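Structure assessment
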Amino acid sequence: MDSLSHNVNFAHVVVIPAYKESSNFVARLLSVPLTVPVLYIIVINQPDNDFDSSLQTNLSRFIKNSGTSIFKEGDLDLIVANEHTYFLIVDAFTQPLPVEQGVGLARKIGADYALFLINENKVLSDWIHSTDADAHLPNDYFEATSALSKQKKHNQTVAVSYNFTHVDENIELQQANKLYETALRYYVAGLSYAGSDYDFFTIGSVIAFKAKEYAMVRGFPKRSAGEDFYLLNKLAKLGKVEFLKDTVVTIEARVSDRVPFGTGPSVANILQLKQDNKPYCYYHPQVFDELKNCISHFAILWESRLYFDDWLSALSKESRQALQDIKLASFVDKQKNNNQIQFNKQLTVWFDAFKTLKFIHSLREQKYTDIPLQQAIETANFTFDEDK
């Protein structure tokens, strides 16, 4: 796509991957009250192990029929739905995507198009919004990021996570989603309590990020799941990932098998556990105490870098083993000649969201096995609002 020939400068851009989706979400987007032109880039996709493209074809046809006019942009279709609503359809189903690259590649294709349009000044905002077909966007969705850009104190913000809630008329499904949602909030609260720099939600349907920084980290990874986690993990090393507590995206509570892990499979697991009269278990709160002690102890690691074993001995046996599992000693050896500022900066980059998760999993495997979520919440040394 060389450029959009249609003579419109879009105020905002939103990327939505769509696989096995009905047209309901398109109708919902059309009902969103807009006062400025918004471009929705819809990447209609399917993996190459799915040979039925009927849903994707029907969705593409519906979107085209929803517009007053269609402009061809190479292999793309720009649909003018109304004065302020525009759809750019990306066909990623006629030639399916590699199954192992899945939703990550779909998001990357859409976000890369958005990046191009921002660089071409066809999109005026430097924020790329990422969401899903099951998300209901609030009326102040775009105002939230626009407000950040106007405030100097948010100059270091490179990405945001909107607040979120799951809803459904089916009480059982709603409760399962709420339980999983509570687990996510518990985990992020635990990271905050421990002093982690990576205490943010990594949900692909509720994030937005700056175009420049997105380009710097080379965009979404091509993964069938977890692409949101890995993108934000990279972005967090460039600046702040901020939580927009007061702007809430409503997500339809549903079971899904389109990705190997994440909300859909987790909710299905919770429903099965309930059917089997078993509790939903999650991380033991002690792992966050261990993490807190470890991060606190990092403050004197540079001073102790030549006496690493002595530094390590002040931690619990489990934390020592966890740090050994993620190869902290190797990091210290490679960075020991840096000055204190550079050493600590590299340590923050090194002990990222992924390393933190591996650290926690090592603790779980050694001693602190998962316990029922409600028990974990009640016994944790930190509190959080289960609804925010």
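In short, a report on the structure. Every value quoted in this text rests on a predicted model; they were computed, and no experiment measured them. (Residues numbered from 1 in each chain as written. Predicted model: local features only at pLDDT ≥ 70, side-chain atom pairs only at ≥ 80, totals over all residues. Heavy atoms only, no water.)

1. Quick notes on the overall build of the protein
Within the protein, the secondary structure is distributed over 15 helices and 12 strands. Over its C-alpha trace the protein gives a radius of gyration of 22 Å, about what one expects of a compact globule, namely 21 Å for 388 residues. Here the C-alpha coordinates of the protein stretch approximately 70 × 55 × 40 Å along the principal axes. Counting over 388 residues, the protein shows a buried share of 52%. (Helix = DSSP H or I, 4+ residues; strand = E, 2+ residues; numbered from the N terminus. Rg over C-alpha atoms; globule rule 2.2 N^0.38 Å. Buried < 20%, exposed > 50% of the residue type's maximum accessible area, 1.4 Å probe, protein only.)

2. Some words on the sheet that holds strand β5 (residues 85–97)
Sheet architecture is open: 10 strands sit in the order β3-β4-β5-β2-β1-β6-β9-β8-β10-β7, paired in mixed fashion. Every interior strand has two partners, whereas the edge strands, β3 (69–73) and β7 (135–136), have only one. Sheet topology places strand β8 (residues 157–167) next to strand β9 (residues 207–210); three bridges connect them, and they run antiparallel. Bridge pairing in β9 links S161 to I207. Each of β8 and β10 (240–252) touches helix α5 (residues 171–194); the most contacted strand, β8, lies at about 150° to it. (Pairing = 2+ DSSP bridges. Contact = heavy atoms within 4.5 Å. Axes fitted to C-alpha atoms, helices over the stretch in contact; angles between N-to-C directions.)

3. Details of the side chain of D132
For D132, the position within the fold is in the loop between β6 (127–130) and β7. Relative accessible area serves as the criterion here: at 18%, D132 is assigned to the buried category. Separated by 2.9 Å, the side chains of D132 and R107 make a polar contact. Those residues in contact with D132, other than ones at most four positions away along the chain, are I16, P17, R107, G204 and S205. (Polar contact = N/O pair within 3.5 Å; in protein donor to acceptor, adjacent residues only side chain to side chain.)

4. Some points on the pattern of salt bridges
With the rule as written, the count across this model stands at 10 salt bridges. Among the salt bridges present, the one from D132 reaches R107, with a minimum N-O distance of 2.9 Å. Note that D132 is positioned in the loop between β6 and β7 and R107 in helix α3 (residues 102–119), a separation of 25 residues in sequence. Of the two residues examined, D132 and R107, each falls in the buried class. Between E181 and K178 there is a salt bridge, and its shortest N-O distance comes to 3.6 Å. Within this pair, E181 and its partner K178 are both found in helix α5, separated by three residues, close to a single helical turn. (Salt bridge = Lys/Arg side-chain N within 4 Å of Asp/Glu carboxyl O.)

5. Quick word on the nonpolar core
Counting 86 residues, the largest nonpolar core has Y40, Y186, F298, L323, L328 and F359 as its most contacted members. Top element by residues in this core is α5. It accounts for 11 residues. Setting aside anything within four residues of it in sequence, one finds Y186 in contact with Y282, Y283, H284, P285, F288, L373, A376, I377, A380, F382 and F384. If you look at the next biggest cluster of nonpolar residues, it comprises 41 residues, including L105, V158, A159 and Y214. (Core = buried A, V, L, I, M, F, W, Y, C linked by side-chain atoms within 4.5 Å.)

6. Quick look at the packing of helix α11 (residues 317–325) against helix α14 (residues 353–366)
In the contact formed by α11 and α14, the axes pass within 9 Å of each other and the chain directions differ by 130°. With respect to α14, the element α11 is oriented oblique. Like other packed secondary-structure pairs, α11 and α14 cross with a definite hand, here right-handed. Across from K317, E318, S319, Q321, A322, L323 and D325 in α11, the residues of α14 making contact are F359, S362, L363 and Q366. (Parallel < 35°, antiparallel > 145°, perpendicular 65-115°, else oblique. Left-handed = near helix turned anticlockwise from the far one by under 90°.)

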